[in-house]
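# A look at the structure
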Amino acid sequence: MIEIRTGPAVAAHDIKALWDKIAFSRGRDPETIRLAVEETDWFVHAWDGDRLVATARVITDGAFYATLWDVIVDPEYQGQGIGKLVMQRAVEPFLDRNFSFIALYAAEGKEGFYTKLGFDAHPRGMKLKESQWPKSPD
Ligand SMILES: CC(C)(COP(=O)(O)OP(=O)(O)OC[C@H]1O[C@@H](n2cnc3c(N)ncnc32)[C@H](O)[C@@H]1OP(=O)(O)O)[C@@H](O)C(=O)NCCC(=O)NCCS
């Protein structure tokens with residue numbers, strides 16, 4: 001049975017074992033993972049016994065804005081409704097508090113998963129190309 005839990009108390013090596021299975025989150029070092037989770041405002045995770053099988057992280061100002069990151073389900077557990085469950089647990093506290101902006105950046109090919117949950121592509125979403133940043137003078 002899959003159990004959804006919340007809170008930062010998850011060992012970095014468990015998170016790494018899951019995130020290393022997915023291309024965009026592969027290769028992150030455990031200490032940086034530990035820091036990121038410590039600074040995460042709302043960390044949702046799914047367990048099959050003592051095996052971590054899914055995560056979702058929310059970063060928020062606690063009043064208006066919330067963004068979602070690292071929505072990841074173990075490939076062996078995909079297609080069983082676990083992604084939807086962690087998303088519901090991640091988003092609903094902020095919906096209930098009438099946040100004005102709940103957003104995420106969809107990985108290629110995953111847009112349909114989010115549109116089914118009610119997300120809509122935003123035509124003015126922007127992401128920095130670091131190489132083009134006009135650095136301030138020293
Ligand atoms: C995207 C992801 C989180 C979905 O998790 P999942 O547990 O497989 O999804 P679920 O089984 O909960 O699916 C919920 C619904 O979304 C649909 N869905 C799932 N993935 C989809 C996709 N890529 N495109 C369209 N629909 C999708 C399912 O068919 C299901 O539909 P239903 O409610 O009508 O039955 C998972 O595939 C994953 O972790 N992928 C790798 C990491 C990744 O890319 N994460 C997204 C980062 S932005």
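Residues numbered from 1 in each chain as written. Predicted model: local features only at pLDDT ≥ 70, side-chain atom pairs only at ≥ 80, totals over all residues. Heavy atoms only, no water.

### Examining the pairing of strand 5 (residues 101-104)
As paired elements, strand 4 (residues 65-73) and strand 5 share 4 bridges and run parallel to each other. From the neighbouring strand, Thr67 faces strand 5, where its bridge partner is Ala103. Regarding topology, helix 3 (residues 82-96) serves as the crossover connection from strand 4 to the parallel strand 5, and that connection is right-handed. (Pairing = 2+ DSSP bridges. Helix = DSSP H or I, 4+ residues; strand = E, 2+ residues; numbered from the N terminus. Right-handed = clockwise from strand over helix to strand, strands pointing away.)

### Focus on the site of the ligand
Residues in contact with the ligand amount to 21 residues; listed here are only the nearest, Val71, Val73, Gly81, Gly83 and Lys116. The separation between a nitrogen atom of the ligand and a polar main-chain atom of Val71 is 2.7 Å. In the environment of the ligand, a nitrogen atom lies 2.9 Å from a nitrogen or oxygen atom belonging to the backbone of Gly109. Burial of the ligand by the protein chains amounts to 72% of its free accessible area of 920 Å². Because more than half of its atoms lie within 2 Å of the grid, the ligand is assigned to the second largest pocket. Elements with a contribution of two residues or more to the shell around the ligand: strand 4, helix 3 and helix 4 (111-116). The leading source of residues in the shell around the ligand is helix 4, at 4 residues. Taken together, the residues that form the shell around the ligand break down as 11 nonpolar, 7 polar and 3 charged. (Near = heavy atom within 4 Å. Polar contact = N/O pair within 3.5 Å; in protein donor to acceptor, adjacent residues only side chain to side chain. Areas by Shrake-Rupley, 256 points an atom, 1.4 Å probe, with all protein chains shown as cover. 1 Å grid on protein atoms, 1.4 Å probe; cavity = no way out; pocket = protein on both sides within 12 Å on 5 of 7 lines; lining within 4 Å. Sits in = over half its atoms within 2 Å of the grid points. Nonpolar A, V, L, I, M, F, W, Y, C, P; charged D, E, K, R; others polar.)

### What to know about the side chain of Asp70
Checked against the element boundaries, Asp70 lands in strand 4. The class of Asp70 is buried, set by a relative accessible area of 7%. Side-chain polar atoms of Asp70 contact the side chain of Arg57, separated by 3.0 Å. When near neighbours in sequence (up to four residues on either side) are disregarded, Asp70 contacts Trp19, Phe24, Arg28, Thr55, Ala56 and Arg57. (Buried < 20%, exposed > 50% of the residue type's maximum accessible area, 1.4 Å probe, protein only. Contact = heavy atoms within 4.5 Å.)

So yeah, pure geometry; function would need other evidence.
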